[in-house]
Amino acid sequence: MKLSHFNFELPDELLAEYPSEHRDESRLMVLNREKQTIEHKQFKDLIDYFNEDDVMILNDTKVFPARLFGNKEKTGARIEVFLLRELNAEQRLWDVLVDPARKIRIGNKLYFGEDEMLVAEVIDNTTSRGRTLRFLYDGSYEEFRKKLTQLGQTPLPKYINREVEPEDEERYQTIYAKNEGAVAAPTAGLHFSKHLLKRLEIKGINFAEVTLHVGLGTFNPVEVEDLSKHKMDSEEIIIPIQTADKINTALKEKRRICAVGTTAMRAIESSVSSKGNLNDYSGWTNKFTPDVFTLSASSDRICQGETVTYTINGGAGARVAPSTTATYTFRVQGAVVQSIMGNNVMTFLPGTIASGDTVTIDVMDGQSNPLNGCVADTSTISHTIIIDTLTPAT
């Protein structure tokens, strides 16, 4: 898969500088896979597409004011310091990005605030813009963290071309955020309002919370054309056992499971067992979802045009002997509900096909047809299947 596959034009006038007045009245594009149609709705209409006992997975990370501005010793040059993650609480070591980076070298000191009571010393270069800082502050750790919060600004994305405003502290945060540690918001969740969550709850939708503290891995630009060569920075994730149990129950009952945003998706896909269940986990992930990966724990994504490998178990269809398997590769044509073909296994190349999806496979002329022998030249035959299990392509 190539980076250029994702190129598209986004006119400046369509890039929002401010959020909509009401969170749940932002735009929602609905793709109907069966009818192949596109509709434009409001986000609050999301409730119409879910049923009782479906599960939504929410990333409950909380953004902290990660952007600081200080002055370099002697020259007084204004330097932006973007806090990425705390490396050592006792020594007050932080991994940061600095801008402009060319002015900041090991041994330099930066002063923050009008009283300059907070000082940072550069002790290491990590990347072209990355530095390790040791903060110097005459006070307890709790007082130090409070000072960081006082001096820090809401870390709005760089593509928003305006100054930070007081309202951003509340709006650049999901309403269910509670575990502080992110330097950017999990943006898909920003559109949920308290009212919408209550309506979903009344309808019987279940919520499962995971934590992925958004860091450099999420917003660092991809700079390689071959996506398999992109290296993700690790980010901390937490999947409570209650969340794993709730999702595994939904999988067992064949309920729909929707990961709200790529951070929630990356969190669950980082802890899927070989049997396709979700494990509880606390640690780090560098999962990169456009690469080859297993979509075992979420069931609400699919793409046309993907190449898939369909494995028939012995005895399941014509020309496959018992106790053996035969593998065929097909092209995904569309999604229509018709039939289920046994307990077969589907593996796939990079894409977004998920367990539980219904897809049409198109056997091209001259290829073996796993149900009816071979397909004659200059003809095709289509079958519809529901994917039962996905395993990584080799």
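Below is a summary of the structure that appears in this document. The numbers attached to residues start from 1 for each chain and follow its sequence in the written order. The predicted origin of the model limits local features to residues at a pLDDT of at least 70 and limits the giving and counting of side-chain atom pairs to 80 or more, whereas totals for whole chains, interfaces and linings rest on all residues. Only hydrogens and water are set aside; all other atoms, that is, all heavy atoms of the structure, feed into the side-chain values.

Thoughts on the environment of Pro65
Part 1 of the argument: Working definition: helices are DSSP H or I runs of at least four residues, strands are E runs of at least two. Numbering for both runs from the N terminus. Structurally, Pro65 is set in the loop between strand E4 (61–63) and strand E5 (67–72).
Part 2 of the argument: Contacts were defined at the residue level, with two residues in contact if any of their heavy atoms lie within 4.5 Å. Setting aside anything within four residues of it in sequence, one finds Pro65 in contact with Leu148, Thr149, Gly152, Gln153, Thr154 and Pro155.

Quick word on the sheet that holds strand E13 (residues 235–239)
Part 1 of the argument: When DSSP locates at least two bridges between a pair of strands, those strands are taken to pair. A sheet is described by the order of its strands in space; here five strands give the open sequence E14-E3-E12-E13-E15, paired in mixed fashion. Because the sheet does not close on itself, it has two edges, and the strands there are strand E14 (257–259) and strand E15 (281–285). Between one strand and the next, the sheet's axes are offset by a mean angle of 25 degrees, whatever the strand orientation.
Part 2 of the argument: Across five bridges, the pairing between strand E3 (residues 55–59) and strand E12 (residues 206–212) is parallel. Among the inter-strand pairings, Val55 is bridged to a residue of E12, identified as Asn206. In this description, a line fitted to the C-alpha atoms serves as the axis of each element, helices being fitted only across the stretch in contact, and the angle between N-to-C directions of two axes falls anywhere from 0 to 180 degrees.

What to know about the packing of aromatic side chains
By convention here, two paired aromatic rings are described through the distance between centres and the angle between planes.
Part 1 of the argument: Stacked, tilted and edge-to-face are the three classes assigned to paired rings of Phe, Tyr and Trp, where Trp is represented by its six-membered ring and a pair needs centres within 6.5 Å; plane angles under 30 degrees give stacked, over 60 edge-to-face, the rest tilted. Tallying each qualifying case throughout the model produces seven aromatic pairs.
Part 2 of the argument: Centroid distance Tyr141 to Phe144: 6.2 Å. Interplanar angle 50 degrees. Geometry classified as tilted. Here the residue Tyr141 and the residue Phe144 both occupy positions in helix H1 (residues 141–151), the gap between them amounting to three residues, near one helical turn.
Part 3 of the argument: Ring plane angle 65 degrees and centroid distance 6.4 Å describe the contact between Tyr176 and Phe192, whose orientation is recorded as edge-to-face. With a gap of 16 residues between them, Tyr176 in the loop between helix H2 (168–171) and strand E11 (179–182) and Phe192 in the loop between E11 and helix H3 (194–203) connect regions that are remote in the sequence.
Part 4 of the argument: Exposed residues in this analysis have more than 50% of their type's maximum accessible area, buried residues have under 20%, and partly exposed residues fall in between, with area computed by a 1.4 Å probe over protein chains only. By relative accessible area, Tyr176 is classed as buried at 10%.
Part 5 of the argument: What makes Phe192 buried here is its relative accessible area of 1%.
Part 6 of the argument: Pairwise contacts between aromatic rings join Phe112, Phe135, Tyr137, Tyr141 and Phe144 into one cluster.
Part 7 of the argument: Only lysine NZ and arginine CZ atoms are considered, and such an atom sits over a ring when it is within 6 Å of the ring centre and within 35 degrees of the ring normal. The positively charged end of Arg78 is found above the aromatic ring belonging to Phe69, 3.9 Å away from the centroid.

Re empty space enclosed by the protein
Part 1 of the argument: Site definitions follow a grid-based scheme: protein atoms alone, a 1 Å grid, a 1.4 Å probe that fits but cannot get out for cavities, and for pockets an open set with protein on both sides within 12 Å along at least five of seven lines, plus lining residues having an atom within 4 Å of a point. Grid points are joined across faces, edges and corners, and a volume is the space filled by probe spheres set on the points. The final tally for this structure, using the stated rule, is two cavities of 30 Å³ or more.
Part 2 of the argument: Estimated volume of the second largest cavity: approximately 40 Å³.
Part 3 of the argument: Taken together, Phe64, Pro65, Leu83, Trp94, Arg145, Leu148 and Thr149 form the lining of the second largest cavity.
Part 4 of the argument: The element contributing the most residues to the lining of the second largest cavity is H1, with three residues.
Part 5 of the argument: A breakdown of the residues in the lining of the second largest cavity according to their chemical character gives five nonpolar, one polar and one charged. Polar here means any residue outside two lists: the nonpolar Ala, Val, Leu, Ile, Met, Phe, Trp, Tyr, Cys and Pro, and the charged Asp, Glu, Lys and Arg; Gly therefore counts as polar.

Section: helix H5 (residues 241–252)
Part 1 of the argument: End to end, H5 covers 16 Å across twelve residues, agreeing with the expected 16 Å (1.5 Å per residue, within 8%).
Part 2 of the argument: Taken together, the buried positions of H5 are Thr243, Ala244, Ile247, Asn248 and Ala250. One face of H5 carries all of its buried residues, which in axial projection span an arc of 160 degrees. Away from its buried face by more than 90 degrees, H5 exposes Gln242 and Lys252. Each residue after the first adds 1.5 Å to the expected span of a helix. What the arc covers is the set of directions going from the helix axis to the C-beta atoms.

Some words on helix H6 (residues 262–269)
Part 1 of the argument: Counting buried positions over the eight residues of H6 gives seven, a clear majority of the element.
Part 2 of the argument: Here H6 has its buried residues at Thr263, Ala264, Met265, Arg266, Ala267, Ile268 and Glu269.

Some thoughts on the pattern of salt bridges
Part 1 of the argument: We define a salt bridge as a contact between a side-chain nitrogen of Lys or Arg and a carboxyl oxygen of Asp or Glu at a distance within 4 Å. Per the counting criterion, the structure on display carries 18 salt bridges.
Part 2 of the argument: One salt bridge in this structure joins Arg255 and Asp53, with 3.6 Å as the shortest N-O distance. Within this pair, whereas Arg255 is found in the loop between H5 and E14, its partner Asp53 is found in the loop between strand E2 (37–42) and E3, the two being separated by 202 residues in sequence.
Part 3 of the argument: Judged by relative accessible area, which is 32%, Arg255 ranks as partly exposed.
Part 4 of the argument: Classification of Asp53 by relative accessible area gives partly exposed; the value is 29%.
Part 5 of the argument: For Lys178, the salt bridge identified is with Glu209, shortest N-O distance 2.8 Å.

Here we look at the environment of His22
Part 1 of the argument: Turning to its location among the elements, His22 is positioned in the segment before strand E1 (27–32).
Part 2 of the argument: Sequence-wise, His22 and Ser193 are 171 residues apart; in three dimensions their C-alpha atoms are separated by 7.8 Å.

A look at the side chain of Thr211
Part 1 of the argument: In this fold, Thr211 is placed in strand E12.
Part 2 of the argument: Looking at Thr211, the relative accessible area reads 3%, which means it is buried.
Part 3 of the argument: Non-local contacts of Thr211, meaning those with residues more than four positions away in its chain, are made with Asn59, Asp60, Thr61, Asn179, Glu236, Ile237 and Ile238.

Fair warning: the whole summary comes from geometry, so function is off the table for now.
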